[in-house]
Amino acid sequence: MKRQLHLNLFIHGRGHHEASWRHPASSSLPLTDIRYYQDLAQRAETALFDSIFFADQLALGGDVMQAPRTWLEPITVLAALATATSRVGLIATASTTYTEPFNLARQFASIDHISNGRAAWNIVTTWLATAAENYGGSGQVSHADRYARGEEYMAVVKELWDSWAADAVIDDRASGLYARRERIRPINHRGESYTVTGPLNMPRCPQGRPVLVQAGSSDTGRRFAARHADAVFTAHMAKPTAQEFYSDLKRLAAAEGRNPEHILILPGLSPMIGSTEAEAQRLAGDVNDLTDPVVGRKRLSGRFGGHDFSHLPLDRPLAPGDFPDPSSVEAARSRAEVILNLVRRDKPTLRQLLGYLAGARGHYVMAGTPEQVADLIEDWLIDGAADGFNIMPPLLPAQLDVFSAEVLPLLQRRGLFRTEYTGTTLREHYGLPRPASVFDDPNRKVDLLEFVAGV
Ligand SMILES: Cc1cc2nc3c(=O)[nH]c(=O)nc-3n(C[C@H](O)[C@H](O)[C@H](O)COP(=O)(O)O)c2cc1C
């Protein structure tokens, strides 16, 4: 059998194009209506996607006047979607900088139980500077500090998910024994940032632990992904940088002692699909005409840690000197580098750059026929650039439906994509092994649970 493609649907507003919310082909439901997300999740499941994904920001975007910057809290959404679907994997974003590990471990373990093994966590350290002000801080936590704290955070949540053996619960009414003491263990973590005794107050979840997704791209971010991630999201505007990222992460994972096949690399792809190339270009042009340069400048500024681009004329070719050095950016440093590489390569005007970024914020954007989209997917898959894709339809649900109806059958005919689900858990869809449990390790000393009166 040929190598199988993994597909995640990235659900974002009414589509990934910045102006999608104004376009007649996007949904008219409010972005706070759960039926909108349930409908999309069911469409993704019917189309046999591996998973669906929700990003998250912990502060309101300042451009809410010109674009919808609101959505529902993603872990809460997953709970509602878990009961509206049965097979598709469910990925939500949550921050290691602004949550407590005990809360997060419980929430994702709960989603994994509710969904029968379909939960995944997109681990972010939160690059958005304004988030700090909503959590008692006064400014951006530095990139290095965020990742250092994230590292300890990961140790704690993994220990918590592993604090129950799979066979800890007996639930034996006759003998009166509910759970076995020696199969539940406190974690007794005493570290730099966290003190957590444990154990988790919930039995081991169906997947052993939720699938871990990450999107670090800087050197520190890549090493973090290589240690922890089962799947990695990444943004590239060209195949060569995607290939470099792919081989680097596989190498880093091997250096961590992991099987490189057990870390899936999923670059973003935002295809505008038409029955002819001219029609696809026209559709892309229609939605581009709805963009607002004021919004584009603000978002570009956010990507570069608040740098002021207001003095730059819209129609002069840009030069690298118009941008701050990416190494000084404490926000999403790697995305700043992606943008600067595009400026070096294509020397676009600011208007052209904003138009490109409006498509999918620095991910690969294309307008073409179903064959052209399927060809690109196959090419990146066989040429060492991807294990699958993070599909980012520019308009939802319209362009998701075109992708499912026109592109997926081509990929299935080429033997690259499933024609039915063979597993039930996300780990099975992704082809990943179950994580080992410390209770299976005979050399590991297990602290016994103390008796404490509870509710
Ligand atoms: C597809 C994708 C989705 C992301 N989603 C979020 C998100 O929801 N919230 C967030 O704060 N960061 C998000 N990020 C940013 C990454 O977590 C990361 O900070 C960024 O890629 C920069 O990498 P670095 O942290 O190594 O500098 C996302 C990145 C990608 C590629």
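Residues numbered from 1 in each chain as written. Predicted model: local features only at pLDDT ≥ 70, side-chain atom pairs only at ≥ 80, totals over all residues. Heavy atoms only, no water.

Residues lying three or four places apart along an α-helix face the same way, a consequence of the helix completing one turn every 3.6 residues. With 13 residues, helix H11 (residues 370-382) extends 18 Å from end C-alpha to end C-alpha; this agrees with the ideal 18 Å at 1.5 Å per step. Of the surrounding elements, those touching the buried residues of H11 are helix H6 (239-255), strand S11 (264-273), strand S12 (364-368), strand S13 (388-391) and helix H12 (398-413). Looking one or two residues past H11, glycine 384 carries a phi angle of roughly 70 degrees, positive in sign. (Helix = DSSP H or I, 4+ residues; strand = E, 2+ residues; numbered from the N terminus. Expected span 1.5 Å × (residues − 1). Contact = heavy atoms within 4.5 Å.)

Another point: the packing of aromatic side chains. Counted by the stated rule, this structure contains 16 aromatic pairs. Summarising the aromatic geometry, the rings of tryptophan 121 and tyrosine 153 are spaced 5.9 Å apart at their centres and angled 45 degrees between planes, so their arrangement reads as tilted. Of this pair, tryptophan 121 sits in strand S4 (residues 119-124) while tyrosine 153 is found in helix H4 (residues 143-161), placing the two residues 32 residues apart along the sequence. You can call tryptophan 121 buried: its relative accessible area is 0%. A relative accessible area of 0% means that tyrosine 153 is categorised as buried. Each residue in the set Phe108, Trp121, Tyr153, Trp161 and Tyr194 is aromatic and connected to the rest through ring pairs, giving one cluster. (Phe/Tyr/Trp six-rings, centres within 6.5 Å; stacked < 30°, edge-to-face > 60°. Buried < 20%, exposed > 50% of the residue type's maximum accessible area, 1.4 Å probe, protein only.)

This part is about the site of the ligand. The immediate surroundings of the ligand are formed by 23 residues, with Asp56, Tyr147, Ala215, Ser217 and Ser218 found nearest. One nitrogen or oxygen atom from the side chain of histidine 143 is found 2.9 Å from an oxygen atom belonging to the ligand. Within the side chain of tyrosine 147, an N or O atom sits 2.6 Å from an oxygen atom of the ligand. Protein contact buries 95% of the 610 Å² of open area that the ligand shows by itself. Broken down by secondary-structure element, the contributors of at least two residues to the shell around the ligand are S4, H4, strand S10 (231-234) and helix H9 (333-346). (Near = heavy atom within 4 Å. Polar contact = N/O pair within 3.5 Å; in protein donor to acceptor, adjacent residues only side chain to side chain. Areas by Shrake-Rupley, 256 points an atom, 1.4 Å probe, with all protein chains shown as cover.)

Per the stated rule, a full pass over the model turns up 26 salt bridges. Close ionic contact of aspartate 63 with arginine 69 constitutes a salt bridge, the shortest N to O distance being 2.8 Å. Here the two residues aspartate 63 and arginine 69 agree in accessibility, since each one is buried. A salt bridge links aspartate 375 to arginine 414; its shortest N-O distance comes to 2.9 Å. Taken together, the residues aspartate 375 in helix H11 and arginine 414 in the loop between H12 and helix H13 (426-430) connect sequence positions 39 residues apart. When salt bridges that share partners are traced, they join Arg222, Glu244, Asp248 and Arg251 into one network. (Salt bridge = Lys/Arg side-chain N within 4 Å of Asp/Glu carboxyl O.)

Before going further, it helps to spend a moment on helix H2 (residues 74-82). Within H2, the full set of buried residues consists of Pro74, Ile75, Val77, Leu78, Leu81 and Ala82. Projected down its long axis, H2 shows its buried positions confined to an angular sector of 155 degrees, all on one face. At the N-terminal boundary of H2, the capping side chain belongs to glutamate 73, with an oxygen 3.0 Å from the backbone nitrogen of isoleucine 75. (Arc of directions from axis to C-beta.)

The next thing to look at is the packing of helix H3 (residues 101-114) against H4. Running from N to C, H3 and H4 cross one another at 45 degrees; their axes reach a closest spacing of 9 Å. What the angle tells us is that H3 and H4 run oblique. Crossing geometry of H3 relative to H4 is assigned as right-handed. Two secondary-structure elements touch here, H3 through Pro101, Phe102, Leu104, Ala105, Phe108 and Ala109 and H4 through Tyr153, Val156, Val157, Leu160 and Trp161. Its residues placed into classes, the contact of H3 with H4 shows eleven nonpolar, no polar and no charged. (Axes fitted to C-alpha atoms, helices over the stretch in contact; angles between N-to-C directions. Parallel < 35°, antiparallel > 145°, perpendicular 65-115°, else oblique. Left-handed = near helix turned anticlockwise from the far one by under 90°. Nonpolar A, V, L, I, M, F, W, Y, C, P; charged D, E, K, R; others polar.)

A separate point is the nonpolar core. Counting residues in each nonpolar core, the largest one holds 75 residues, and the members touching the most others are Phe49, Ile52, Trp121, Trp161 and Phe403. The greatest single-element share of this core, amounting to seven residues, is contributed by H4. Counting 19 residues, the second-largest nonpolar core is a separate cluster that includes Phe304, Val338, Ile339 and Leu350. (Core = buried A, V, L, I, M, F, W, Y, C linked by side-chain atoms within 4.5 Å.)

Structurally, threonine 349 is set in the loop between H9 and helix H10 (350-360). Each C-alpha atom of the pair threonine 349 and lysine 250 lies 36 Å from the other, and the pair is 99 residues apart in sequence. Excluding residues within four positions of it along the chain, threonine 349 makes contact with Leu314, Asp315, Arg316, Pro317 and Leu318.

This part is about the environment of glutamate 261. If you trace the backbone, glutamate 261 turns up in the loop between H6 and S11. With a relative accessible area of 60%, glutamate 261 lands in the exposed category.

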